[in-house]
Amino acid sequence: MSKEKSKSFKTKVAVLHSLLGTHRLLVPRTLAVSIGVFSVAFAGPAQWTDHARRFTGESQNIRSQAISELRKDPQLREKLKRALGTKDHFLALDVISALRMREMLPTLMQAAGKDPSGYVYHAINSLLTPADHAMIVRVYLQRLEKGSESAASRVALIDSLARLRVKLDFDFIERLASDHDPDIRSAAVSLARSQVRKLGRKQCVRILMNAVQDAVFQVRLQAIYALSELRVPDRAAAYEACRRDLHPEVRLHCEILRTDS
Amino acid sequence: MKRRLSFIAGAAAICGAALALVIAVFSGRSSSFRFESRECKRTYEQLYQKPLAEFLVVFGYKDARPERFVGDRYERLVFIQRLLAPCVERSGACGFSRDPADADAFTKVITGPDGKPRQVRMRVIGASVGPDDQENRRDPFQKWKSHYASENFVAGLRSVEVVFYNGHSRAGGGPDFDPPLLTKGNEVDFVWYRKREPGLNRILGALEPQVETTRLLGLFSCASSKLFLQKVQERSPRLGVITSPQLIYFADALESSLSALSSILSMQCRSKFEEGLKKAETQPAAEARVSGFF
């Protein structure tokens, strides 16, 4: 196939995709085309949501095309604001992230408190620059301290702090690690692991050691794996605790803690 | 006198009939559920034949290329929040209690098709350890997490009543619980997945032709009707399967799986079951379909 023909084919495929309204394409484009080919006849004029559905799993070309179509819409910002909290909530967040609409940050900061899924925080994170880090750490810490957000939002906040690689107060992490919700405790173990591994904060090993005695076996196992990566004297004590664990799945993995392994 | 007697007899007959009707209605309400059809009733009698019904929901590894973001951990949390929420103005996928020793296990007591209580035990398992694909690939705990999700999914196909997968189809190579195999260009190696079909082969290997326990398999992943349905039904003709005919947006897949779960727990028959799936998705004609269950 000549270059022109190949380009023309690609353009046709791109046009077809733009008509199909395919989204989060998690299968190859050829399959997507064959699945959606019958939908072409029913496709109306593309809405912002149609373009938004092309962001994930698509080729860079299709994604760029969808982004440039969205940029042409003078009402886009208002449409996205209105979509937050509706059935198109997640698509709106995808658009805000893909178009890097930093002007939406104040709106997102407000919306995050009302979003039980925690996905607004992921959108906020995608817009941040190093200059925002100090402010965002302060806000995220406040929101976590307040404790009024959903578990999904709190996990999103804890994960964000872990990725920002900022030194956090030991007592604060310890409080998270003793939360009543096992998913929060699990996120706190990940946070403690990253504090030790990336920031060299040896005192956070204690949080991992305490997690070896957690009520749920998944968190105990997570702590055992985290400790297995560290050359610390506490590994021997963790090994002994692991061998006494009541859950067979945990006991199965004690050998990774052997100091001579 | 004769007229009087016949009046009394007539009144007594009417009262007796009314009383019988009241008893029948109330006894019916307290002892059994009303179904649209005999087939629907039989479906739920089979599903809830034991005092304990076990459900399993496993999220696949949901990377979001070209981004590094991995979303299944958060989707699982949203799913769990809905399970733990009190049942206000709705029923089904709500009002569960969490097992204090197992973060993935939830229980609820429902009324079975015979009016007697059934305990539902549901496990909700995720596949990723964190939100960053690159970090996950370096984390030794990721290997355990992927293995645990995969093993539970396969074991569930042999031992629990309802199994849902919510994740990537990998062009027919899914279900997949691991960070994906990548090409040199850092894209998912769809050729490899399509050729080997590792996830589908695991399903087919686990399914028994004569299904004894598993009644319903939900595959909430892109184009699962086209990629998996036929082979699964060939292998296990008595198994009910929920699949998606088109590419499915992650939020729609999540809502569909919650809707299907609610329908099963509140014993909805086909029309309401499918209506629920239709309402759950934002894209027209993308709704999941249920085959072979009713």
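Going by the structure above, here's the rest.
Numbers given to residues run from 1 along each chain, matching the order in which its sequence is written. As they are written, the chains are lettered A onward and the ligands numbered 1 onward, keeping that order. Given that the model is predicted, a residue must reach a pLDDT of at least 70 before its local features are reported, and side-chain atom pairs must reach 80 or more before they are shown or counted; all residues, however, enter totals for whole chains, interfaces and linings. Water and hydrogen atoms were dropped before computing side-chain values, which therefore reflect all heavy atoms in the structure.

Draft legend 1. Here's a closer look at the overall build of chain B. The numbering of helices and of strands both runs from the N terminus, where a helix is a DSSP run of H or I of at least 4 residues and a strand a run of E of at least 2. Within chain B, the regular secondary structure consists of 10 helices and eight strands. Throughout, a residue-residue contact means that at least one pair of heavy atoms, one from each residue, lies within 4.5 Å. Pairs at least 24 residues apart make up 67% of the contacts formed inside chain B by residues separated by at least 6 positions.

Draft legend 2. Focus on the nonpolar core. With 163 residues, the main nonpolar core has Ile 124 of chain A together with Tyr 48 of chain B as its most contacted residues. Residue contributions to this core peak at nine residues, all from helix H9 (residues 250–265) of chain B. With residues up to four places along the chain from it excluded, the contact list for Ile 124 of chain A reads Leu 105, Leu 108, Met 109, Ala 112, Ile 136 and Tyr 140 of chain A. For our purposes a nonpolar core is just a set of buried Ala, Val, Leu, Ile, Met, Phe, Trp, Tyr and Cys residues, chained together by side-chain atoms within 4.5 Å. The cut-offs for exposure are 20% and 50% of the maximum accessible area for each residue type, with area from a 1.4 Å probe on protein chains only; residues under the lower value are buried, those over the upper are exposed, and the others partly exposed.

Draft legend 3. Representation of the side chain of Ser 153 of chain A in the model. Among the secondary structure elements, Ser 153 of chain A is positioned in helix H10 (residues 151–163). Not counting chain neighbours up to four residues away, the residues in contact with Ser 153 of chain A comprise Asp 115, Pro 116, Ser 117, Gly 118 and Tyr 121 of chain A.

Draft legend 4. Geometry of the pattern of salt bridges. The term salt bridge refers to a pairing of a side-chain nitrogen on Lys or Arg with a carboxyl oxygen on Asp or Glu at a separation within 4 Å. Throughout the structure, instances matching the rule amount to 40 salt bridges over all chains. For Arg 98 of chain B, the salt bridge goes to Asp 183 of chain A, with nearest N and O atoms at 2.8 Å. Of the two residues, Arg 98 of chain B sits in strand E2 (residues 97–98) while Asp 183 of chain A sits in helix H12 (residues 182–199), which places them in two different chains. Accessibility expressed as a relative area gives 11% for Asp 183 of chain A, which makes it buried. Salt bridges sharing common partners tie together Asp 181 and Asp 183 of chain A together with Arg 76, Arg 98, Asp 102, Asp 104 and Arg 123 of chain B.

Draft legend 5. Inspection of the pairing of strand E4 (residues 117–125) of chain B at higher detail. Residues and elements named next belong to chain B. A pair of strands is treated as paired once DSSP finds two or more bridges between them. The sheet contact formed by strand E1 (residues 52–59) and E4 spans seven bridges and is parallel. Following the sheet pairing, Ala 53 is matched in E4 by Val 120. Of the strand pairs in this sheet, strand E3 (residues 105–111) and E4 are connected by seven bridges, and their pairing is antiparallel. In the sheet register, Lys 108 faces E4, and the bridge partner there is Val 120. The turn joining E3 and E4, which pair antiparallel and follow one another in sequence, is formed by five residues; a positive phi near 85° is taken by Gly 115.

Draft legend 6. Here's a closer look at the packing of H10 of chain A against helix H3 (residues 72–84) of chain B. Every axis in this analysis is a line fitted to C-alpha atoms, fitted for helices over the stretch in contact. Angles between the N-to-C directions lie between 0 and 180 degrees. Where H10 of chain A contacts H3 of chain B, the axes come no closer than 9 Å and their chain directions differ by 155°. It follows that H10 of chain A is roughly antiparallel to H3 of chain B by the angle criterion. The segment H10 of chain A lies against H3 of chain B, with Ala 151, Ala 152, Val 155, Ala 156 and Asp 159 of chain A engaging Arg 73, Tyr 74, Leu 77, Val 78 and Gln 81 of chain B. Asp, Glu, Lys and Arg are counted as charged, while Ala, Val, Leu, Ile, Met, Phe, Trp, Tyr, Cys and Pro are counted as nonpolar; the rest, among them Gly, fall into the polar class. Residue composition of the contact of H10 of chain A with H3 of chain B, by class: seven nonpolar, one polar and two charged. Any angle from 65 to 115 degrees is called roughly perpendicular, while one under 35 is roughly parallel, one over 145 is roughly antiparallel, and all others are oblique.

Draft legend 7. Layout of the interface of chain B and chain A. Counting from both sides, the interface comprises 50 residues of chain B and, opposite them, 53 residues of chain A. Here the quantity called buried area is the accessible surface, traced with a 1.4 Å probe, that two parts lose on coming together, added over both. Contact between chain B and chain A buries roughly 4,200 Å² in total, counting both sides, with carbon and sulfur atoms accounting for 60%. Looking at the side of chain B facing chain A, the largest losses of area belong to Trp 144, Leu 247 and Tyr 249 of chain B, adding up to 17% of the total buried there. One salt bridge in this structure joins Asp 139 of chain B and Arg 193 of chain A, with 3.5 Å as the shortest N-O distance. In protein, a polar contact means a hydrogen-donor-capable atom and an acceptor-capable atom, both N or O and within 3.5 Å, with residues adjacent in sequence counting only if both atoms are side-chain atoms; elsewhere, any N or O pair within 3.5 Å suffices. Counting every contact that joins chain B to chain A gives 20 residue pairs in polar contact (both at pLDDT 80 or more). Among the secondary structure elements, those contributing two or more residues to the side of chain B that touches chain A are H3, helix H5 (140–159), helix H6 (190–196), helix H8 (224–235) and H9 of chain B. In terms of residues, the side of chain B that touches chain A owes the most to one element, H3 of chain B, which gives eight residues. Class assignment for the residues of the side of chain B that touches chain A results in 27 nonpolar, seven polar and 16 charged.

Draft legend 8. Broad picture of the sheet that holds E4 of chain B. One open sheet accounts for eight strands, arranged E2-E3-E4-E1-E5-E6-E7-E8 (chain B); its pairing is mixed. A single partner strand is all that each edge strand has here, and the edge strands are E2 and strand E8 (289–291) of chain B.

Draft legend 9. Structural detail: the packing of aromatic side chains. For Phe, Tyr and Trp, rings pair up if their centres lie within 6.5 Å, where Trp contributes its six-membered ring, and each pair is then called stacked (planes under 30 degrees apart), edge-to-face (over 60) or tilted (otherwise). Scanning the entire structure with this criterion turns up 25 aromatic pairs over all chains. On the basis of an interplanar angle of 90° and a centroid distance of 6.0 Å, the ring pair of Tyr 44 of chain B and Phe 293 of chain B is categorised as edge-to-face. Of this pair, Tyr 44 of chain B sits in helix H2 (residues 38–47) while Phe 293 of chain B sits in the segment after E8, placing them 249 residues apart in sequence. Among the residues examined, Tyr 44 of chain B registers a relative accessible area of 0% and is labelled buried. Ring pairs connect the aromatic residues Phe 90 and Tyr 119 of chain A together with Phe 69, Tyr 74, Tyr 249 and Phe 250 of chain B, which therefore count as one cluster.

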